[in-house]
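The residues making up each chain are set out below.
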Amino acid sequence: MLPLAALAQTVAVSTPAGAASTSGNVNNTDGTLARFNQPTGLASDGTFIYVADQSNSAVRKVNISTGAVTTLAAGFNFPSGVAVDGSGNVYVADTGNHQIKRLNSAGTVTLTIGTGTASAVNSTSALSTFSSPIGVAVNSAGSFIYVTDYGNSLVRRIDVLAAAGAGAVTTIVSGFTPWGAALDSGGANLYVSDYSGGLAKSIAVLAANAVTTLAGTYSIPRGIAVDGSGNVYVSDTGTQTIKKIAGATVTTLAGGAGIVGSTNGVGTNARFNTPFGVVATAVDSLFIGDANNHTIRRILPASAPSFTSGTSASFTLNAAGSFSVTASGSPAPTFSITVGVLPSGVTLTSGGLLSGTPTASGSFPVTIQASNVVTDVTQSFTLTVTGSVAAQITSSPSAQAANLGQNATFFGSASGSPTPTLQWRAAAAIAKWASASHSPSRRTWHFAQGWPLARSAKR
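Residues numbered from 1 in each chain as written. Predicted model: local features only at pLDDT ≥ 70, side-chain atom pairs only at ≥ 80, totals over all residues. Heavy atoms only, no water.

This part takes up the overall build of the protein. In terms of helices and strands, the protein carries 0 helices and 41 strands. Of the contacts made within the protein by residues no fewer than 6 positions apart, 48% connect residues no fewer than 24 positions apart. For the protein, the accessible surface area stands at approximately 18,900 Å², while carbon and sulfur atoms represent 50% of it. (Helix = DSSP H or I, 4+ residues; strand = E, 2+ residues; numbered from the N terminus. Contact = heavy atoms within 4.5 Å. Areas by Shrake-Rupley, 256 points an atom, 1.4 Å probe, with all protein chains shown as cover.)

A word on the sheet that holds strand β11 (residues 144-149). The sheet built from 4 strands is open, its strands ordered β10-β11-β12-β13 with antiparallel pairing. Unpaired on one side and paired on the other, β10 (133-138) and β13 (169-174) mark the two borders of the sheet. Averaged over all adjacent pairs, the angle separating strand axes in this sheet is 25°, with direction ignored. As paired elements, strand β12 (residues 154-159) and β13 share 5 bridges and run antiparallel to each other. The residue of β13 that forms the bridge with Arg 156 is Thr 171. (Pairing = 2+ DSSP bridges. Axes fitted to C-alpha atoms, helices over the stretch in contact; angles between N-to-C directions.)

Membership of the largest hydrophobic core comes to 19 residues, with the highest contact counts inside it found for Phe 335, Leu 354, Ile 368, Phe 381 and Leu 383. Secondary structure elements with two or more residues in this core: β27 (312-316), β31 (346-348), β33 (362-371) and β34 (376-386). Counting residues per element, this core draws most heavily on β33, which supplies 4 residues. The residues contacting Ile 368, other than those within four sequence positions of it, are Phe 307, Val 325, Phe 335, Ser 336, Ile 337, Leu 348, Val 377, Thr 378, Gln 379 and Phe 381. (Core = buried A, V, L, I, M, F, W, Y, C linked by side-chain atoms within 4.5 Å. Buried < 20%, exposed > 50% of the residue type's maximum accessible area, 1.4 Å probe, protein only.)

Residues Ser 330 and Pro 331 are joined by a peptide bond in cis, for which omega reads -5°. Residue placement: Pro 331 occurs in the loop between β29 (327-330) and β30 (334-339). Positive phi, normally seen in glycine, also occurs at Ser 57, with a value near 55°. Note on placement: Ser 57 falls in the loop between β3 (48-53) and β4 (58-63).

Before going further, it helps to examine the packing of aromatic side chains. Under the defined criterion, the tally for this structure stands at 7 aromatic pairs. Measuring from centroid to centroid gives 4.9 Å for Trp 179 and Tyr 195, while their planes differ by 20°, and the two rings are stacked. Of this pair, Trp 179 sits in strand β14 (residues 178-183) while Tyr 195 sits in the loop between β15 (189-194) and β16 (199-204), and the two are 16 residues apart along the sequence. Positioned above the aromatic ring of Phe 48, the side-chain terminus of Lys 61 is 4.0 Å from the ring centre. Here Lys 201 stacks its cationic end above the ring of Phe 176, 4.1 Å away from the centre of that ring. (Phe/Tyr/Trp six-rings, centres within 6.5 Å; stacked < 30°, edge-to-face > 60°. Lys NZ or Arg CZ within 6 Å of the ring centre and 35° of its normal.)

What follows is about the side chain of Asn 231. Counting through the fold element by element, Asn 231 comes out in the loop between β18 (221-226) and β19 (232-236). When near neighbours in sequence (up to four residues on either side) are disregarded, Asn 231 contacts Ala 225, Val 226, Lys 244, Ile 245, Ala 246 and Val 283.

So, about the pattern of salt bridges. Scanning the entire structure with this criterion turns up 7 salt bridges. A salt bridge links Arg 60 to Asp 53; the shortest N-O distance between them is 2.6 Å. The class of Asp 53 is buried, set by a relative accessible area of 0%. In this structure, Asp 194 and Lys 201 form a salt bridge, with 3.5 Å as the shortest nitrogen-oxygen distance. The exposure classification of Asp 194 matches that of Lys 201, with both residues buried. (Salt bridge = Lys/Arg side-chain N within 4 Å of Asp/Glu carboxyl O.)

A few words now on the sheet that holds strand β1 (residues 11-17). In space, the 5 strands of this open sheet follow the order β22-β1-β25-β24-β23, with antiparallel pairing throughout. Both outer strands of the open sheet, β22 (265-266) and β23 (275-282), are each paired with one neighbouring strand and no more. Pairing of β1 with strand β25 (residues 295-301) involves 5 bridges; the strand directions are antiparallel. Note on β25: the bridge partner recorded for Ala 17 is Ile 296.

Of note, Asp 149 is situated in strand β11. Not counting residues up to four positions away in its chain, the partners in contact with Asp 149 are Thr 129, Phe 130, Ser 131, Ser 132, Pro 133, Leu 154, Arg 156 and Pro 178.

So, about the environment of Val 69. By secondary structure assignment, the location of Val 69 is in strand β5 (residues 69-74). Overall, the relative accessible area of 1% leaves Val 69 in the buried class. When the C-alpha positions of Val 69 and Gly 18 are compared, they lie 9.2 Å apart, and in sequence the two are 51 residues distant. If sequence neighbours within four positions are ignored, Val 69 has contacts with Ala 17, Asn 27, Asn 28, Gly 31, Ala 34, Phe 36, Arg 60, Lys 61 and Val 62.

This part covers the pairing of strand β6 (residues 81-84). Neither face of β6 is open: one carries Gly 81 and Ala 83, the other Val 82 and Val 84, and all of them are buried. Summarising the sheet, β6 and strand β7 (residues 90-94) pair through 4 bridges and their orientation is antiparallel. Bridging from a neighbouring strand, Ala 83 pairs with Tyr 91 of β7. Between the antiparallel neighbours β6 and β7 lie 5 residues, among them Gly 88 with a positive phi of about 90°.

Before going further, it helps to spend a moment on the pairing of β18. The buried fraction of β18 amounts to 6 of the 6 residues, a majority that puts the element mostly inside the structure. Looking at chain direction, β18 and β19 are connected through 4 bridges and run antiparallel. Note that in β19 the partner of Pro 221 across the bridge is Asp 236. Linking two consecutive strands that pair antiparallel, namely β18 and β19, is a turn of 5 residues; a positive phi of about 90° is found at Gly 230 within it.

Along the chain, the position of Thr 349 falls in the loop between β31 and β32 (353-356). Along the primary structure Thr 349 and Ile 337 are separated by 12 residues, whereas in three dimensions their C-alpha atoms are 9.6 Å apart. Among the polar contacts listed, one links the side chain of Thr 349 to the backbone nitrogen of Leu 353, at a separation of 3.0 Å. (Polar contact = N/O pair within 3.5 Å; in protein donor to acceptor, adjacent residues only side chain to side chain.)

Function cannot be inferred from these measures alone, as they are strictly geometric.
Listed below in structure tokens is the structure:
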């Protein structure tokens, strides 16, 4: 657990979709039950994360609020990058087909740029060519698409409005090996990772394509993103970390340098396995395509859990009831009972749903713990179950024989709520006897002579 004083500058890493080291191609409303196969490039429209699911040759969608995973489109050839415009069109760097494709919200291809031949021809959408394009970015209007043409070591631009005419595809920068691409919200600066040079660069695409090298050096930089405040984030694959560039300052936001793993945790205690794509939804709020873990990771500013729900609830005996235990915190906390026992028929899920049909009445005090990677906090909670069930004998003592001077022990039980007590009595007067032991379900007599016994249940 992290000291709370350190939280202001710290992020927490979680896994909202996929399972570490488990590849597959499965959609599910529960993101943790979905499966990916080397997710790489990411993009976001604020509602969904779009994923270039490379080895599944598909583009997948992750609902940010619910975690549900669906497939937008399939049939690509090693797609590596995705982008989304303000109208919800999704752009795909179809790397193995050497093409750029535009999808509408239904997943239908509405525009294809490139012949599919690996070369570097600037021309119309039908005649231009690329070679293993990796990264793709688009402005909000969808009028300009930017491509890191990895195989040609070029940064290209597609004028979508002129896509049917001459000169739709042009080269804006050359001289290094670009990988990831991200455009700022104003569409003025394109950020590119220089794969072979170990650098991050910005290109002033509205000002003569001037190139600026950003702070820091990196070991195999791949994904790159920019937030609304101008902070730039780089997935530094060679060191298994996510770096943040804020002006001239470079920090490791998450991951342990050179350490492969899948652990969720705070900041540098988290682990990645070949992080590729990165997209920023706010300052220090990111999603990562953790390629060789086959998962989508999330980075958020870390905060300790704090209960936001009440300390008591009431259910009715033998009737279904529910209560939501809630707590703030990032990542979202899970819940458990650490002290006490809930009534039979009632359970608490890790998501905080207290529910069930209680079969016993009374007051049930428990301690509930809310936990995340930052710390654990507890809260006292009382569940009161009202109502009653009439007492009923469920097993009666059987007749026994005992010699003079010996013991005879009789057993019995009763059901009911609240739990009934048992009252033992002899069916006839016993002149001489001594009680040797007693419990709610057992009575032992020492006999001088034998008499029949009876028993009653009382709530």
